[in-house]
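Residue-level structural notes
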Amino acid sequence: MRREFLIPAAKQPFFDGAVACPLQVCVLASGSRGNATYVSDGTTAVLIDAGLSGVEIQRRMAANGLSPNNLDAIIVSHEHTDHISGVGVLSRRFNLPVHINDATHQACETALGKLPAIFPFACGEPFAIGSLTLHPFSISHDAQDPAGFTLSGQGMKVGIATDLGVITEMIRVHLRGCHILVLEANHDSQMLMEGPYPWPLKQRIRGRCGHLSNEDTKNLVTDLFHDQLRHVVLAHLSEANNTPEKALETVTPALSNTRTRLHVATQTHGSQCLTIFSDLPSSALSDE
Ligand SMILES: [Zn+2]
Ligand SMILES: [Zn+2]
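Here we summarise the structure given alongside this text. Quick caveat, the model's predicted, so the values are computed rather than measured.

Things to note about the overall build of the protein
Looking only at helices and strands, the protein has nine helices and 14 strands in total. Burial analysis of the protein (288 residues in total) assigns 47% to the buried set. In the protein, 66% of the contacts between residues at least 6 apart in sequence involve partners at least 24 apart.

Observations regarding the environment of Thr 133
Of note, Thr 133 is situated in strand 8 (residues 132-138). We classify Thr 133 as partly exposed; it has 16 C-beta atoms within 10 Å. C-alpha of Thr 133 to C-alpha of Ser 152: the two residues are 19 residues apart in sequence and 5.1 Å apart in space. If near-sequence neighbours (up to four positions away) are discounted, Thr 133 is found in contact with Pro 126, Ala 128 and Ser 152.

Points about the pairing of strand 12 (residues 231-235)
Most of strand 12 sits out of view: five of its five residues are buried. Residue alternation in strand 12 divides its side chains into two sets, His 231, Val 233 and Ala 235 and Val 232 and Leu 234, and both sets are buried. Summarising the sheet, strand 11 (residues 180-184) and strand 12 pair through five bridges and their orientation is parallel. By the bridge assignment, Val 182 is partnered in strand 12 with Val 233. For the crossover from strand 12 across helix 9 (residues 244-251) to strand 13 (residues 261-264), the handedness is right-handed.

Section: the sheet that holds strand 2 (residues 36-40)
With respect to topology, seven strands assemble into an open sheet ordered 6-5-4-3-2-1-14, the strand pairing being mixed. Among the strands making up the open sheet, the edge pair consists of strand 6 (118-119) and strand 14 (274-277). Pairing of strand 4 (residues 73-75) with strand 5 (residues 98-99) involves two bridges; the strand directions are parallel. Bridge assignment links Ile 74 to a residue of strand 5, and that residue is Val 98. Sheet strands touched by helix 1 (residues 54-63): strand 1 (22-29) and strand 2. Its angle to strand 1, the strand with the most contacts, is close to 135 degrees.

Considerations on helix 1
Every buried residue of helix 1 is accounted for by Ile 57, Gln 58, Arg 60 and Met 61. An end-on view of helix 1 places all buried positions within 165 degrees of arc, on one side of the element. More than 90 degrees from the buried face of helix 1, the exposed residues found are Val 55, Arg 59 and Ala 62. Check the buried side of helix 1 and you find it contacts strand 1, strand 2 and helix 3 (87-93). A positive backbone phi angle near 75 degrees is found at Gly 65, which sits one or two residues after helix 1.

Basis of the calculations
Residues numbered from 1 in each chain as written. Chains lettered and ligands numbered in written order. Predicted model: local features only at pLDDT ≥ 70, side-chain atom pairs only at ≥ 80, totals over all residues. Helix = DSSP H or I, 4+ residues; strand = E, 2+ residues; numbered from the N terminus. Buried ≥ 20, exposed ≤ 12 C-beta atoms within 10 Å, placed from the backbone. Contact = placed C-beta atoms within 7 Å. Pairing = 2+ DSSP bridges. Right-handed = clockwise from strand over helix to strand, strands pointing away. Axes fitted to C-alpha atoms, helices over the stretch in contact; angles between N-to-C directions. Arc of directions from axis to C-beta.

What follows is the structure, given as structure tokens:
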């Protein structure tokens, strides 16, 4: 068998000439004014959340050479406006099915409007969209049934967990073995406590149903590090209680002396598009 026939051409439509199978992750926006993350394995492409206007998501996708026409679905993590405001418009404009759990859907049914197709998922139960396998898991946040996700395709795994107040053992278990992690680094604890927010809001953010601090995220990254972890993207940074510099400064020691690259996704620019290729075993590239 000839080597080039082992990976079907249909699995690499976005990467002409590439030999290995790509996985692409692009945080289009992240923060309390809107979240959306694009994930594709070259065959199937999805958005996790669409919390900007439909027009703005289209604009940001285009700026990264992406098109909503290639999307297969939108997946909703929870009902807060910064995660759903573009879901209804995009799903209707591009005829995209929406994967959402029942409690979340009930909480935002009016805001979403009529959707072309709804596929309910349950936290803890994996499901497939095309060639991607998604595994939703429960996170602690002040929403009806909030979820984090892992997405697996082409032998690689992405973990996405933002909007969580506490890191449980179950979350750690789900996020182990990821090649790319998108993790919340919401606030610098000192900036939050000394900042302008009223005390009850500070308490909510620090609480079990709030958001992770930079220090929490550093400890999580330390725990989750493994040799195949290629990229960590710090996400959902507070614009009032954090800065990209502080988040990077706090989390960087967790990855010192490693080849893992650390990035920050911002509200205005998201992250750069990350593309990784699976390390195919030599047996998959030869019939000898
Ligand atoms: Zn949020
Ligand atoms: Zn939220």
